[in-house]
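Chains, contacts and geometry: an overview
Listed below are the residues making up each chain.
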2 protein chains.
Amino acid sequence: MKNADKPVVAIDIGGTKIIATVVNRKGEMLSRVYCLTLSEQGPEKVISRLISLIRLVVNRCGYEMKEIGGISLAVAGLIDINRGLVTVAPNLPHWEDVCLGDVLHDEFKIPSFLLNDGSAAALGEHCFGAGIGIDNLIYMTVSTGIGGGFILDGKLFNGTDGSAAEVGHMIVMADGPACPCGQKGCLEALASGTAIARMAREHLMEGQESSIADIVGDDLDSVTAEHVAQAGKKRDAVALAVIREAAYYLGIGLSNLVNLLNPQMIIIGGGVSAMGEMILRPARKSMKEHAFRLPAYTVRVVRSKLSPDSGILGAAAYAYLKLGGGR
Amino acid sequence: MKNADKPVVAIDIGGTKIIATVVNRKGEMLSRVYCLTLSEQGPEKVISRLISLIRLVVNRCGYEMKEIGGISLAVAGLIDINRGLVTVAPNLPHWEDVCLGDVLHDEFKIPSFLLNDGSAAALGEHCFGAGIGIDNLIYMTVSTGIGGGFILDGKLFNGTDGSAAEVGHMIVMADGPACPCGQKGCLEALASGTAIARMAREHLMEGQESSIADIVGDDLDSVTAEHVAQAGKKRDAVALAVIREAAYYLGIGLSNLVNLLNPQMIIIGGGVSAMGEMILRPARKSMKEHAFRLPAYTVRVVRSKLSPDSGILGAAAYAYLKLGGGR
């Protein structure tokens, strides 16, 4: 049996959890397990837990490792695909130039692949989700941070090194608010979950009345985008103003992507997208106001269909792509 | 003889001039003529002049129309490639939804193609200029306005409608200075020749001493980016400050493209790029300060090799691409 016909192990390594799954060619998940990342313990311990998790998820569905076609990892970080390196991963402290592909290949003696989680999610939606049959699509995850992936002319676009589609670190307000990446005015600093929480805190600290304060018991430091969403659903004025502001900047980011890449579809995933039309409607409006008429008319901005599994299923699709045999 | 083996007519339609050439497969220009665009006379008169110019350039090199494989036009405007339309062209007033492809095909009965001038220039540099053998490259023209074109994974990337790569209308300063497109804070409003002239005028009106004032005989309204460049070469402090400021924003625009597309090369053409290292060195510095380390290390920012003919030669290459027979 060729590797391309066997099921693959598809993994999502995030700042909080590592999720490991076994997925077949059709995108069906045969088993799924997870463990905490505990990234503060450093790369070696995380990798050793990852290796155990891979054995576990394969055993769970009654396979042996030799029946697995490959291992594919979606990582929230900047990947050097040519060398199989995680070069930087903001949520994985001390992961610098970690040869994750090689480590897994040495351990399991089967093909191992590494890609950025945003790129993986774009491929997942393209192969199995909202973007089936769509040749030019952008995936954007709006969550604690903002990441993304591009399918261009029908293919995953990785860029020269594999670090393309860092949509959250597009600067849309030169010298604007600080971003965790060290720059100022990145889209992530203006429209992510973190930005929404910050803006809400600022309003509350100015003394504005809001049910957000009740939700967090006046502990303003603990305000999250989810609290803002909760209050927004109850038509809280501060929450709605914050969401509109974030949506305004999100729309500017979308308009930049629309003017640059003229996609048919932009798929929005991630925690903040769970707010649904409350944030998507004003974001679309802002996009249409800021982009050229022709590409703004063409593009559809929709929610992810596979969330939160876009990345895992995309990692599986990537393995099949690399193992050959179509797609 | 197949059309793909015949020479083609390649045309650049700009706001000021229409340049028509006959080009062979090797990218050799066999003849070249031009006339003024006089766009204020409206599309019909411009098109009739364009048709005469095509007959003229073909005659000039001793060919008949039946010996020409196709006609290819690079237009400074938003093109709908699927319908052969010039949808909007800021420098060609009243050109809205003009079916230029069809008009030329009806007149000459040979295949006619239409593409954006920035895309054409990217293809020209990729086929015959600074970008030979470079699979991921961005062309950016910095002139009165800022335009661009993308070669991604070895192919011209047009986007869904043909309106991709509008790099000048990436918003890098939300609610920043007004752009001729109607938006605020576009890269074009901060780093184009027009922006450089505006910034210089602002400094002069504040009463700052500068040799720019001498060059224009104190007629501040007539200050252009070229005057600023002239003064900059003589180390005029105001000119150098203006160029540094434009380069700073140009670098932010470049960093956005680097983080989004992770190209191997960015090729800068257009009038402002004639300033050379005076603007490119600080622009590269700003790009490296604002982009991620890996893609910023990978990319080379260089000057166009074919300027001002990148667009024309790219239009010719596009015709050969469409007529078939490789490339």
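About the cut-offs
- Per chain, residues are indexed from 1 in the order of the written sequence.
- Just so you know, chain letters begin at A and ligand numbers begin at 1, following the order they were written in.
- Totals for whole chains, interfaces and linings use every residue, but because this is a predicted model, local features are given only for residues with pLDDT of at least 70 and side-chain atom pairs only at 80 or more, for both listing and counting.
- With hydrogens and water set aside, each side-chain value is computed from the structure's full complement of heavy atoms.
- Each helix corresponds to a stretch of at least 4 residues labelled H or I by DSSP, and each strand to a stretch of at least 2 residues labelled E; elements are numbered beginning at the N terminus.
- We compute the radius of gyration from the C-alpha atoms alone; for a globule the expected value is 2.2 Å times N to the 0.38, where N is the number of residues.
- Exposure is judged per residue with a 1.4 Å probe applied to protein chains only, and the accessible area is read against the type maximum: over 50% gives exposed, under 20% gives buried, and values in between give partly exposed.
- For this analysis, residues touch if any pair of their heavy atoms sits within 4.5 Å.
- Here the open area of atoms and residues is found with the Shrake-Rupley method and a 1.4 Å probe, where only the protein chains shown may cover a residue.
- Here a patch means residues that are over 30% exposed by relative accessible area and free of salt bridges, tied together within 9 Å if like-charged and within 5 Å if nonpolar (Val, Leu, Ile, Met, Phe, Trp, Tyr).
- Whenever a carboxyl oxygen of Asp or Glu lies within 4 Å of a side-chain nitrogen of Lys or Arg, that contact is scored as a salt bridge.
- Each copy is superposed on the other by least squares, with the fit set by C-alpha atoms of residues at a pLDDT of at least 70 in both.
- We treat two strands as partners when DSSP finds at least two bridges between them.
- Axis geometry follows a simple rule: fit a line to the C-alpha atoms, using only the stretch in contact for helices, then measure angles between N-to-C directions, giving values from 0 to 180 degrees.
- An angle below 35 degrees is read as roughly parallel, one above 145 as roughly antiparallel, one from 65 to 115 as roughly perpendicular, and any other as oblique.
- Put simply, a crossing is left-handed when the front helix is turned counterclockwise from the back one by less than a right angle, and right-handed when it is turned clockwise.
- Under this grouping Gly is polar, as are all residues other than the nonpolar Ala, Val, Leu, Ile, Met, Phe, Trp, Tyr, Cys and Pro and the charged Asp, Glu, Lys and Arg.

A few points about the overall build of chain A
- Looking only at helices and strands, chain A features 11 helices and 13 strands.
- For 327 residues, the compact-globule formula gives about 20 Å, and the C-alpha radius of gyration of chain A, at 20 Å, lands near that figure.
- Referenced to the eigenvectors of the C-alpha coordinate spread, the extents of chain A come out at roughly 65 × 45 × 35 Å.
- Residues classed as buried in chain A amount to 62% of the 327 residues present.
- Taking all contacts inside chain A whose residues are at least 6 apart in sequence as the whole, residues at least 24 apart take part in 63%.
- Here chain A displays about 12,900 Å² of accessible surface, and carbon together with sulfur accounts for 49% of that area.

Concerning a nonpolar patch on the surface
- A surface patch of nonpolar side chains, about 300 Å² in accessible area, is lined by Tyr34, Leu36 and Leu38 of chain A.
- Within the secondary structure, tyrosine 34 of chain A is located in strand E3 (residues 29-36).

Description of the relation of the copies chain A and chain B
- Take chain A, turn it by 180°, move it 0.0 Å along the axis, and it overlays chain B with an RMSD of 0.0 Å. With respect to symmetry, the two chain copies, as superposed, fit the operation of a two-fold axis.
- When the interface residues of chain A are mapped onto chain B, 100% of them again fall at the interface, so both copies present the same face.

So, the sheet that holds strand E4 (residues 71-75) of chain B
Residues and elements named next belong to chain B.
- The five strands lie next to each other as E3-E2-E1-E4-E8, forming an open sheet whose pairing is mixed. Lying at the two open borders of the sheet, with one neighbouring strand each, are strand E3 (29-36) and strand E8 (112-116). On average, adjacent strands in this sheet sit at an angle of 15° to one another, irrespective of strand direction.
- As judged from the five bridges shared by strand E1 (residues 8-13) and E4, these two strands associate in the parallel manner. Within E4, the position partnered with aspartate 12 by the bridge is alanine 74.

Regarding the sheet that holds strand E4 (residues 71-75) of chain A
Residue and element names in this part refer to chain A.
- Ordered by their spatial adjacency, five strands build an open sheet running E3-E2-E1-E4-E8, and the pairing between neighbours is mixed. Edge positions in the open sheet fall to E3 and strand E8 (112-116), since each of these has one partner strand only. Along the sheet, successive strands turn relative to each other by an average axial angle of 15°, direction set aside.
- Summarising the sheet, strand E2 (residues 17-23) and E3 pair through seven bridges and their orientation is antiparallel.

What to know about the packing of helix H5 (residues 193-205) of chain A against helix H8 (residues 237-261) of chain A
All names here are of chain A.
- Orientation of H5 relative to H8, taken along the N-to-C sense of each, is 135°, at an axis distance of 10 Å. In terms of axis orientation, H5 runs oblique to H8. As for how H5 packs across H8, the hand of that crossing is right-handed. In this structure, H5 uses Ile196, Met199, Ala200 and His203 to contact H8, whose residues at the interface are Val238, Val242, Glu245 and Ala246.
- Residue classes in the contact of H5 with H8 are distributed as six nonpolar, one polar and one charged.

Concerning the pattern of salt bridges
Residue and element names in this part refer to chain B.
- Counted under the stated rule, the structure contains 14 salt bridges over all chains.
- Residue glutamate 277 pairs with arginine 284 through a salt bridge whose shortest N-O separation is 2.9 Å.
- According to the relative accessible area criterion, arginine 284 is partly exposed, its value standing at 23%.

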